[in-house]
Amino acid sequence: MYVDKKTGKLILDYNDRAIIQALMKNAKAPARILYALMTNVKSKKQAYQSRLQQLKNLGVIKKRTIVVDPKFFGYQYKAILFVKLRKQEDTDVFIDTMRVLTPVRRCELVKGEYDYVIHVLVRNKEDYSSFLDYMIGLEMFARFQSYDVSEEVIDKDQFPLY
């Protein structure tokens, strides 16, 4: 891996991409399997550890984690909420509020009719109704629209590295 001097862009080689792809498939992949992915290097273990640390330091790898099925813990109800802020000056307060609300799993700034898309996960429809009441009480929205998620059709954490 190196930084292109002209563009300032990080360039990843085959070994970097192989490590990342393997970790995307299985964050807890055994080290021996990850070492085996390394090509054209003398000390695979040392090269792997060095590259992994570099990828972490550069922010390419944000975290290694497991994915838990929320249904196992009783979280059965998902919804998506589109919101338009009343005033753009409310942005910082809105974001800070979304960060601390347990039901908010993801919040994304979007372009278009609405300002943000909020992904919500709660145990049931009653909990979601309480969440919506709380959101309405914030009085910072010009409008919002709510959609129940009836089925998660595709959920990908991986993407191609080319």
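Draft legend 1. Spotlight on the nonpolar core. One finds Leu81, Phe94, Ile118, Tyr128, Phe131 and Met135 to be the most contacted residues of the largest nonpolar core, which totals 19 residues. Per element, the largest residue contribution to this core is five residues, and it comes from strand S3 (residues 77-85). Among all residues touching Phe131, those that are not within four sequence positions of it are Leu81, Leu101, Pro103, Val104 and Val120. Counting 15 residues, the second-largest nonpolar core is a separate cluster that includes Ile20, Ala22, Met38 and Ala47.

Draft legend 2. Region of the structure containing the pairing of strand S4 (residues 104-109). Where S4 and strand S5 (residues 116-122) come together, five bridges link them in antiparallel fashion. Bridge pairing in S5 places Cys107 opposite Ile118. In sequence, S4 turns back onto S5 through a hairpin of six residues, with Gly112 there showing a positive phi of about 135°.

Procedures and definitions
- Every chain begins its residue count from 1, and numbering advances along the sequence as written.
- With pLDDT at 70 or above as the cut-off, local features in this predicted model cover only qualifying residues; side-chain atom pairs require 80 or more to be listed or tallied, and sums for whole chains, interfaces and linings still use all residues.
- The basis for every side-chain value is the complete set of non-hydrogen atoms in the structure, without hydrogens or water.
- Here, nonpolar core refers to any group of buried Ala, Val, Leu, Ile, Met, Phe, Trp, Tyr and Cys residues whose side-chain atoms link them within 4.5 Å.
- Type-normalised accessible area, obtained with a 1.4 Å probe on protein chains alone, sets the label of each residue: buried when under 20%, exposed when over 50%, and partly exposed for intermediate values.
- Going along the chain from the N terminus, every DSSP run of H or I of four or more residues is numbered as a helix, and every run of E of two or more is numbered as a strand.
- Throughout, a contact is declared for two residues whenever any of their heavy atoms are within 4.5 Å.
- The rule for pairing is simple: two strands pair if DSSP sees at least two bridges between them.

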